[in-house]
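Listed below are the residues making up each chain.
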Amino acid sequence: MTDNTQQQPAANPELPTQYAPAEVEGKLYERWVERGYFEADANSDKPPYTIVIPPPNVTGSLHLGHAFEHTLIDALTRRKRMQGYETLWQPGMDHAGIATQNVVERELAKEGKSRHDLGREAFVERVWQWKAESGGQISGQMRRLGDGVDWSRERFTMDEGLSQAVQTIFKKLYDDELIYRAERIINWCPRCLTAISDIEVEYQDDDGELVSIRYGSGDTEIVVATTRAETMLGDTAVAVHPEDERYKHLVGTEIELPLTGRRIPVVADEHVDPEFGTGAVKVTPAHDPNDFEIGQRHNLPNLAVMDERAVITAHGPFQGLDRLEARSAIVAALRAEGRIVAEKRPYVHSVGHCSRCKTTIEPRLSMQWWVKVGPLAQAAGDAVRDGKVKIHPQEMEKRYFDWVDNLHDWCISRQLWWGHRIPVWYGPNGEIVCVGPDDEIPTGEGWHQDTDVLDTWFSSGLWPFSTLGWPEQTDSLAKFYPNSVLVTGYDILFFWVARMMMFGLYAMDGTPPFHTIALHGMVRDQFGKKMSKSFGNAVNPLDWMDTYGSDAVRFTLARGANPGVDVPIGEDWVQASRNFANKIWNATRFALMNGATVEGPLPDPSQMSATDRWILSRLNKTVAEVDAFYDDYQFSKLSDSLYHFAWDEVFDWFVELSKTTFFAGGEQAKVSGRVLGEVLDVTLRLLHPVVPFVTETLWTTLTGQESVVIADWPQDSGFRDDAAEAEIELVQRVVTEVRRFRSDQGLQPGQKVPARLELDGTALAPHEAAIRQLLRLQPEGEGFSATASLPVAGATVALDLSGTIDVAAERKRLAKDLAAAEKEKAQANGKLGNEAFLAKAPDNVVEKIRTRLAKADEDIARIQTQLDRLPQA
């Protein structure tokens, strides 16, 4: 199993007594980068393995969600690199249009300026300057974590190549009539002054008011309810259900709209729920998406009554008021006219807010650019249905289909200055020209470019192929597209993943952007609560890295990663992972000082002890198990498997069982030393993708080779020895049982006890020295008296406890504990036997009593066994 392909300087068995992550991690990472280990060669004959990084915002810094996702991707790519794949982990950043513009605008505000003071060209230049000086700090933080990305290929969604890709696909979609311009209802932020995507809208329960207003009078009276009274100024109809008998006589007539002097029609529309409220709804097509659809069906006018800052523009006494000021003023005016039928305050309801500035979103009718998603979404759905792309875990497929099968056309224009400007020019006589990267830009008097920029998700939707050089047919595109797997959170399955699927299939002639979509959950605190600064439970992963090392953070995150399930994490768990790293260090250090080696071939199994054959059998089973878990994206299970194999079987059992052999020296010690070297070599390579730093230090010291990063991934040799496994299992049973007995008797772990081991005729006989070593059992001497006898695994361990414990006092203590357990059992039985109690008690109370009864039974059996084993006083 040992890799012998690298240069092999002489191994240095000297390791510091303690592992200090801060002293080694940064140096190791820079060495890996300098040696080009993470660089991918498009002309290599190796099979490709490609993952793109979900591009973090240029404004962002590393949070636990990033650290979690990057740990999983890094583990996958490091393993594939070791398996001989030409591995590319593509790095890069997103220009994050609205977020970045907001950051720079806040800086300008400190100088008493706005972007309009600079003008568009100077403002964009200022943003580029900010990016150069302050943006992208996350890149350095990724290095801290150990991300094995190909930095030579780092991309930015606004760089020259990606800008060409954006312009190319816009032109192609436009020519194929899949991009169009139309007036529709969009999410509008009155603070950022732009349309925003659904993912940029955060919904929260706000205290508002529900006001019921009487429209019309007498026989034409209809009552409607609204939480946004100010929008009534833009009402152009009242809608009722066509089958609602209460209003059939009014359909087709007009009623008075209060405060405006206008009359509006009553229309019948099946969208209206006759069972909800009064069964009648006000229709404001310019300020509500559902109302807009009703308006389209009934040819209603679109009357906008607010400007881009949500200030009332309708003529009259409310003109110039902010929407919230107007709301109060309009309700007061309606109340004065006797139009208010009912008011409910507070009325808690879900309200959308801009994720960037927290301003309440205003649905607004606006001329925008749209992608006609119908045929694109159909292809994206079919790619999964046909098996071209697999979603993992499979149960997430339903959510994917629910989304792509019901997609509405996508608003792609944003009223910002920072971003990919829409490549459309307007002429003086109404001409509209879409310009591709190789087309000439129209010139002459009256020609001007569209002022909007594209939604950030438009450019990030091209990420799997634009980063490889598309639209040019590059070697990298041919080698690394489609990507092997996309690792991302289920929360952006709809927004980012669906867009990449649509664009990838469209631009790459029906070839999907990746073979597998591996979805993970969200990182939460140890109580399962969402992490947030406002909750006071947000964690900076860099703080944990400083305290416990990057490996500890990575291992904790990987060990919690079940597919598609949220990941709870607490500092105690990171500390436990740090302890695991220390255990690996200390055990390897001990092994190196006691003859562990990788030199030469493994001895023939006939020369090995049962302990040697057992650990090699278990090692190969672990290799096979870890491979299966990796292929199924079961990071939690593979981490657990490695943890228990390394800590429990290698360090706690194999190393301890082998100590007597090492201390005795001779040929058997050399054989076991070679076996121990093999086990450590393979175990460190298996652990490396998840905990790269400590394993690099230990593996290079053990083997004398260049780097574990480029070592071969271990393979299951097929070696199995069920007999040796059964034999060592007997040893483990004896040691475990006697340790439990010693603990029950109050003996200290290091306290030595005279003992006679009756092992003849059992598979345990060859292990007597190791058993005595592990259990601190001295040979029976003169005057030995077997005061306690333990039959276990076909053998007998007789102990002389005289002089080690006060038998009479121990019997008295145990008798007291037994009496207490029997009393607990009697009380529990009494309650469970009382029918009246059972009839009244809640289920959870009854269940607790049943648990108490089971615990009492266990305690009685355990204490009785301890009493039986004690010698007579």
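Up top is the structure these notes are about.
Keep in mind that this is a model prediction, so the values were computed, not measured.

Here is what the cut-offs are and how they apply
- Residues numbered from 1 in each chain as written.
- Predicted model: local features only at pLDDT ≥ 70, side-chain atom pairs only at ≥ 80, totals over all residues.
- Heavy atoms only, no water.
- Buried < 20%, exposed > 50% of the residue type's maximum accessible area, 1.4 Å probe, protein only.
- Helix = DSSP H or I, 4+ residues; strand = E, 2+ residues; numbered from the N terminus.
- Pairing = 2+ DSSP bridges.
- Phe/Tyr/Trp six-rings, centres within 6.5 Å; stacked < 30°, edge-to-face > 60°.
- Lys NZ or Arg CZ within 6 Å of the ring centre and 35° of its normal.
- Salt bridge = Lys/Arg side-chain N within 4 Å of Asp/Glu carboxyl O.
- Lys, Arg positive; Asp, Glu negative; His and termini not counted.
- Contact = heavy atoms within 4.5 Å.
- Core = buried A, V, L, I, M, F, W, Y, C linked by side-chain atoms within 4.5 Å.
- Polar contact = N/O pair within 3.5 Å; in protein donor to acceptor, adjacent residues only side chain to side chain.

Here's the deal with the pairing of strand β14 (residues 362-371)
Working step 1: Of all the ten residues making up β14, nine are buried; the element is thus mostly covered by neighbouring parts of the structure.
Working step 2: Where strand β5 (residues 179-189) meets β14, ten bridges bridge the pair, whose relative direction is antiparallel. Residue pairing in the sheet places Y180 in a bridge with W370 of β14.
Working step 3: Here β14 runs beside strand β16 (residues 410-411); their pairing, made up of two bridges, is antiparallel.

Some words on the packing of aromatic side chains
Working step 1: Tallying each qualifying case throughout the model produces 25 aromatic pairs.
Working step 2: Each residue in the set F170, Y174, W369, W410, F458 and F503 is aromatic and connected to the rest through ring pairs, giving one cluster.
Working step 3: Note that K172 overlies the ring of Y506, its terminal NZ or CZ placed 4.9 Å from the centroid.

A short note on the pattern of salt bridges
Working definition: two side chains of opposite charge can pair if their charged atoms are close together.
Working step 1: One pass over the full model with this rule turns up 49 salt bridges.
Working step 2: Among the salt bridges present, the one from R613 reaches D721, with a minimum N-O distance of 2.9 Å. Pair noted here: R613 is in helix α19 (residues 610-631) and D721 is in the loop between α22 (692-703) and α23 (722-744), with a separation of 108 residues, a long-range link.
Working step 3: You can call D721 buried: its relative accessible area is 15%.
Working step 4: Salt bridges sharing common partners tie together E209, R335, E343 and R345.

Digging into the side chain of R120
Working step 1: Considering the arrangement of structural elements, one finds R120 in helix α5 (residues 120-134).
Working step 2: Within the buried core, R120 has no salt-bridge partner, and the shortest N-O distance to an opposite charge, that of D452, equals 6.5 Å.
Working step 3: Those residues in contact with R120 that sit more than four places away from it in its chain are L416, W417, R421, T451, D452 and V453.

Focus: the nonpolar core
Working step 1: Counting 206 residues, the largest nonpolar core has I169, F170, F458, F465, M501 and L799 as the members making the most contacts within it.
Working step 2: Broken down by element, the residue count for this core peaks at 14 residues, all from helix α20 (residues 635-664).
Working step 3: Here F170 is in contact with I179, W369, I412, I422, P423, V424, C434, L454 and F458, once residues within four sequence places are set aside.
Working step 4: Core analysis: the second largest hydrophobic core is formed by 28 residues, L233, Y247, F318 and V331 among them.

Some thoughts on the side chain of H420
Working step 1: Mapped onto the fold, H420 is located in the loop between β17 (413-414) and β18 (424-426).
Working step 2: You can call H420 buried: its relative accessible area is 7%.
Working step 3: A polar contact is formed between the side chain of H420 and the backbone oxygen of T157, at a distance of 2.6 Å.
Working step 4: Not counting the four nearest positions on each side in its chain, H420 is found in contact with H95, T157, M158, L162, S163, V166, D452, V453, L454 and S459.

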